[in-house]
Amino acid sequence: MLYRNQKNEEAPPYPNHLIEGFKDCLYEADLHDLEIIGHQFTWEKGQNIDHWTEIKLDRVLANPQWLSTFDMAKVYNVEGSPSDHSPLILCPEIQFRVWLENALSGQSSYTTAKIITLYWSIWRARNDVVWNQKSWSSLRIVAKAWEYLSQWTTAQGRC
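Residues numbered from 1 in each chain as written. Predicted model: local features only at pLDDT ≥ 70, side-chain atom pairs only at ≥ 80, totals over all residues. Heavy atoms only, no water.

Draft legend 1. Highlighting the sheet that holds strand E6 (residues 74-77). Read from one edge to the other, the open sheet built from three strands follows the order E2-E6-E7, with strand pairing classed as mixed. One side of each edge strand has no neighbouring strand; the edge strands of this open sheet are strand E2 (36-37) and strand E7 (88-91). Pairing between E6 and E7: four bridges, direction antiparallel. Of the residues in E7, the one forming a bridge with Tyr76 is Ile89. (Pairing = 2+ DSSP bridges. Helix = DSSP H or I, 4+ residues; strand = E, 2+ residues; numbered from the N terminus.)

Okay, structure coming up:
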C-alpha cells in the first residue's frame, strides 16, 4: 500500500487521483515497495521551524522475480544527509544457494562440475588457513581444483 506518511498534518493532502494512479501503476507492473529499516520518512522541509514536514517520498521497488532472487534484501535509510532527501541504501544480501543456482543455470554439466570443484578447492584452502595456518597460492587452488575434478571424473567412469 502507498500511504501519505507525514508528521505535519497541516500540509495539504496529495490529490487522491495521483495516489490511486501511482498505486494502479505499481499493481500493473507487479512492483512491490520494499520495507525501509530505520527512519521511515525520506524527505523533509522546514526542520527546526513550526511547520516541519516529513514524508516517505523515496522508495525502493522490486518485481517478484527480483524479490525471489534477493529474498533477504534490506533497505536502510541513511539519516543525516545535507540534502532534503535521505539516501536509501539497498543491500541485496543474497543467499549463496540462490546466487550459485543463478550462476550455474544454463551451464553444461562439465562447466558446472568445474565451477563447483573450484569453489570446493577455495573452501579447502580457506580451511587450511583457518585450521592449519597454511596459505595456498591462487595457482595452487586452481591446480588442486583440476586435480580433484580429474580424480572425480575418473572415479565416476569406474562406477
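Right, picking up where we left off after that structure.
Draft legend 2. Inspection of the packing of aromatic side chains at higher detail. All chains considered together, the criterion is met by two aromatic pairs. Against the face of Trp146 rests Lys114, its NZ or CZ located 5.6 Å from the ring centre. In this structure, Arg140 is placed above the aromatic ring of Trp136, and the distance from its NZ or CZ to the ring centre is 4.2 Å. (Phe/Tyr/Trp six-rings, centres within 6.5 Å; stacked < 30°, edge-to-face > 60°. Lys NZ or Arg CZ within 6 Å of the ring centre and 35° of its normal.)

Draft legend 3. Region of interest: the packing of helix H3 (residues 96-104) against helix H4 (residues 109-132). Look at H3 against H4: their axes get within 10 Å of each other, and the N-to-C directions meet at 145°. By crossing handedness, the relation of H3 to H4 is classed as right-handed. Across the interface between the two elements, Phe96, Trp99, Leu100 and Leu104 from H3 touch Thr112, Ile115, Ile116 and Tyr119 from H4. Residue composition of the contact of H3 with H4, grouped by class: seven nonpolar, one polar and no charged. (Axes fitted to C-alpha atoms, helices over the stretch in contact; angles between N-to-C directions. Left-handed = near helix turned anticlockwise from the far one by under 90°. Contact = heavy atoms within 4.5 Å. Nonpolar A, V, L, I, M, F, W, Y, C, P; charged D, E, K, R; others polar.)

Draft legend 4. View of H4. Between its terminal C-alpha atoms H4 stretches 33 Å, which fits the 34 Å expected from 24 residues at 1.5 Å a residue. Among the residues of H4, those classed as buried are Thr112, Ala113, Thr117, Ser121, Ala125 and Asp128. Within two residues after H4, Gln133 carries a phi angle of roughly 55°, on the positive side. (Expected span 1.5 Å × (residues − 1). Buried < 20%, exposed > 50% of the residue type's maximum accessible area, 1.4 Å probe, protein only.)

Draft legend 5. The arrangement of a nonpolar patch on the surface in detail. There is a patch of nonpolar side chains on the surface, built from Phe22, Leu31 and Leu61 and spanning about 210 Å² of accessible area. Along the polypeptide, Leu61 turns up in strand E5 (residues 61-62). By relative accessible area, which is 34% here, Leu61 ends up partly exposed. (Patch = residues over 30% accessible without salt bridge, like charges linked within 9 Å, V, L, I, M, F, W, Y side chains within 5 Å. Areas by Shrake-Rupley, 256 points an atom, 1.4 Å probe, with all protein chains shown as cover. Salt bridge = Lys/Arg side-chain N within 4 Å of Asp/Glu carboxyl O.)

Draft legend 6. Local environment of the pattern of salt bridges. Going through the model one piece at a time under the given rule, you end up with four salt bridges. Here Lys56 makes a salt bridge to Asp33, at a shortest N to O gap of 3.7 Å. Taken together, the residues Lys56 in the loop between strand E4 (53-55) and E5 and Asp33 in strand E1 (residues 32-33) connect sequence positions 23 residues apart. The exposure class assigned to Lys56 is buried, which follows from its relative accessible area of 11%. Overall, the relative accessible area of 29% leaves Asp33 in the partly exposed class.

Draft legend 7. Representation of helix H1 (residues 16-29) in the model. An ideal rise of 1.5 Å per residue puts 20 Å on 14 residues; H1 measures up with 20 Å between its terminal C-alpha atoms. Following H1 by one or two positions, Asp30 has its phi on the positive side, about 55°.

Draft legend 8. Geometry of the confidence of the model for the protein. Averaged over all residues, the pLDDT of the protein is 83; the fraction at 70 or higher stands at 89%. Element-level mean pLDDT values for the protein span from 76 in H3 up to 95 in E5. Counting interchain partners and residues more than four positions distant, the pLDDT-below-50 stretch residues 1-6 has 19 contacts. (pLDDT = per-residue confidence, 0-100.)

Draft legend 9. Focus on unusual backbone geometry. Its identity as a non-glycine residue notwithstanding, Asp30 has a phi of 55°, on the positive side. Looking at the secondary structure, you find Asp30 in the loop between H1 and E1. Using a relative accessible area of 38% as the deciding quantity, one classes Asp30 as partly exposed.

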